[in-house]
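Fold and geometry: a report
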Amino acid sequence: MDRTLRLVLPVTADGAIATAGVGGGRLVAVVMVDLSGHPQVAKLMRVHKHVGSGDVLSQWGC
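Per chain, residues are indexed from 1 in the order of the written sequence. At least 70 in pLDDT is required for a residue's local features to be given in this predicted model, at least 80 for side-chain atom pairs to be given and counted, and no such filter applies to totals for whole chains, interfaces and linings, which use all residues. Based on all heavy atoms of the structure, the side-chain values leave hydrogens and waters out of the count.

Some remarks on the overall build of the chain
Under the convention used in this document: The way it works is that DSSP assigns letters per residue, a run of H or I at least four long becomes a helix, a run of E at least two long becomes a strand, and they are numbered from the N terminus. Pairs of residues are marked as contacts when any of their non-hydrogen atoms sit within 4.5 Å. Values of accessible area rely on a 1.4 Å probe in the Shrake-Rupley scheme; residue burial ignores everything except the protein chains shown.
Regarding its fold elements, the chain presents one helix and two strands. For the chain, long-range pairs separated by at least 24 residues make up 28% of all intrachain contacts whose partners lie at least 6 apart in sequence. Carbon and sulfur atoms make up 58% of the accessible area of the chain, which amounts to about 5,800 Å² in all.

As structure tokens, this is what we get:
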């Protein structure tokens with residue numbers, strides 16, 4: 001069963017962060033999206049704050 005979440009969410013802001021405490025000082029992209037009407041994604045974000053860092057698979061599109 002394919003459990004991949006496929007949504008297109010409106011981007012509200014974007015930027016980057018680079019500090020010793022985040023990503024080992026490497027530049028990391030930051031994208032803020034509007035989660036209104038998508039409680040399943042909001043729940044995923046809340047759960048993520050209790051999980052350590054690790055690998056992630058993502059796909060960018062425009």
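That shown, we press on.
A look at the pairing of strand S1 (residues 11-17)
Consecutive residues of a regular strand have side chains that alternate between opposite faces of the sheet. Here is the rule: Whether a residue is buried, partly exposed or exposed follows from its accessible area with a 1.4 Å probe, protein chains only, as a fraction of its type maximum: under 20%, in between, or over 50%, in that order. Pairing between strands requires that DSSP locate at least two bridges from one strand to the other.
Where burial is concerned, little of S1 is hidden: zero out of the seven residues are buried. Pairing of S1 with strand S2 (residues 28-33), which is carried by six bridges, proceeds in the antiparallel orientation. Residue pairing across strands places Ala 16 opposite Ala 29, the latter belonging to S2.

Points about a nonpolar patch on the surface
Formally: Two joining distances apply to patches: 9 Å for like charges and 5 Å for nonpolar side chains (Val, Leu, Ile, Met, Phe, Trp, Tyr), and every residue must have over 30% relative accessible area and no salt bridge. In the sections that follow, a salt bridge refers to a side-chain nitrogen of Lys or Arg positioned within 4 Å of a carboxyl oxygen of Asp or Glu.
On the surface, a cluster of nonpolar side chains totalling about 210 Å² of accessible area is made up of Val 11, Val 31 and Val 33. For Val 31, the position within the fold is in strand S2. Look at Val 31 and you get partly exposed, because its relative accessible area is 36%.

Quick notes on the confidence of the model for the chain
Interpretation of this model should avoid reading the predicted coordinates in detail wherever pLDDT is low. Where we set the bar: Values of pLDDT, the confidence the predictor places in each residue, fall between 0 and 100.
Across the chain, the average pLDDT comes to 80, with 81% of residues at 70 or higher. Element-level mean pLDDT values for the chain span from 83 in helix H1 (residues 39-48) up to 92 in S1.

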